[in-house]
Amino acid sequence: EAFLAKQHATLEAERAAAIAKKNEEKKQEALKKQEIEKKRIDGMRKRDQEQEAARKAKYDYEQEANKLSKLKIQKEREENEIRIKKELFEEKWNNFTDEEKMLYKIQEKENEVIELSKKGF
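None of these values were measured; they are calculated from a predicted model. (Residues numbered from 1 in each chain as written. Predicted model: local features only at pLDDT ≥ 70, side-chain atom pairs only at ≥ 80, totals over all residues. Heavy atoms only, no water.)

So, the overall build of the protein
Inference 1: The secondary structure content of the protein amounts to two helices and zero strands.
Inference 2: The C-alpha atoms of the protein give 46 Å as radius of gyration, which overshoots the globular expectation for 121 residues (14 Å, by more than 25%).
Inference 3: When the backbone C-alpha atoms are referred to their principal axes, the protein occupies close to 145 × 35 × 5 Å.
Inference 4: A total of 121 residues make up the protein; the buried ones form 1% of that total.
Inference 5: For the protein, the computed accessible surface area is about 11,900 Å², with 56% contributed by carbon and sulfur atoms. (Helix = DSSP H or I, 4+ residues; strand = E, 2+ residues; numbered from the N terminus. Rg over C-alpha atoms; globule rule 2.2 N^0.38 Å. Buried < 20%, exposed > 50% of the residue type's maximum accessible area, 1.4 Å probe, protein only. Areas by Shrake-Rupley, 256 points an atom, 1.4 Å probe, with all protein chains shown as cover.)

In structure tokens:
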């Protein structure tokens with residue numbers, strides 16, 4: 001009977017050790033799965049951050065390109081206005097008589113003198 005009790009105790013100890021080993025394996029497997037999931041989530045976060053940074057860079061680039069485009073259009077308009085004014089003046093100048101041209105030049109000189117006197121010269 002002592003032999004049977006000893007054998008029974010040995011079997012119980014082996015059974016308990018097998019259960020503990022199986023529980024440890026399950027725990028390790030769960031930790032592995034958890035680590036894999038964590039890496040997957042971290043990868044997704046990193047990819048999302050990279051995509052967001054790329055979207056922001058693209059947006060900033062497009063905003064700058066639009067700004068430059070608007071400035072270019074504005075400059076072209078101003079150049080066209082200056083060109084048109086110059087052409088109109090030249091056309092008007094060509095229609096002036098010699099006397100009108102002389103009066104215009106005198107008026108320009110008087111305006112220069114007035115400007116210089118305002119500046120203290």
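Concerning a nonpolar patch on the surface
Inference 1: A grouping of M102, L103 and I106 is seen on the molecular surface, where their side chains present a nonpolar patch of about 300 Å² in accessible area.
Inference 2: You can see M102 is positioned in helix α2 (residues 98-118).
Inference 3: Take M102: its relative accessible area is 53%, and that puts it in the exposed class. (Patch = residues over 30% accessible without salt bridge, like charges linked within 9 Å, V, L, I, M, F, W, Y side chains within 5 Å. Salt bridge = Lys/Arg side-chain N within 4 Å of Asp/Glu carboxyl O.)

Considerations on the packing of aromatic side chains
Inference 1: For the structure shown, the criterion picks out five aromatic pairs.
Inference 2: The interplanar angle of 70° and the centroid separation of 5.6 Å between the aromatic rings of W93 and Y104 together place this pair among those described as edge-to-face. Of this pair, W93 sits in helix α1 (residues 2-95) while Y104 sits in helix α2, and the two are eleven residues apart along the sequence.
Inference 3: In this structure an aromatic cluster arises from ring pairing among F89, W93, F96 and Y104. (Phe/Tyr/Trp six-rings, centres within 6.5 Å; stacked < 30°, edge-to-face > 60°.)

A few points about α2
Inference 1: Under the 1.5 Å per step criterion, the end-to-end length of α2 is 30 Å for 21 residues, consistent within 8% with the ideal 30 Å.
Inference 2: Two residues or fewer after α2 comes G120, characterised by a positive phi angle close to 95°. (Expected span 1.5 Å × (residues − 1).)

So, the pattern of salt bridges
Inference 1: In the structure shown here, the tally under the stated rule is eight salt bridges.
Inference 2: Note that D42 and K38 form a salt bridge whose closest N and O atoms lie 3.1 Å from each other. Remark: K38 and D42 occur in helix α1; sequence separation between them is four residues, near one turn of the helix.
Inference 3: The salt bridge partner of R83 is E87, with a shortest N-O separation of 3.1 Å. One end of the pair, R83, and the other, E87, are both in helix α1, four residues apart, so they sit about a helical turn from each other.
Inference 4: In the salt-bridge network here, residues are joined through shared partners; they are K38, D42 and R45.

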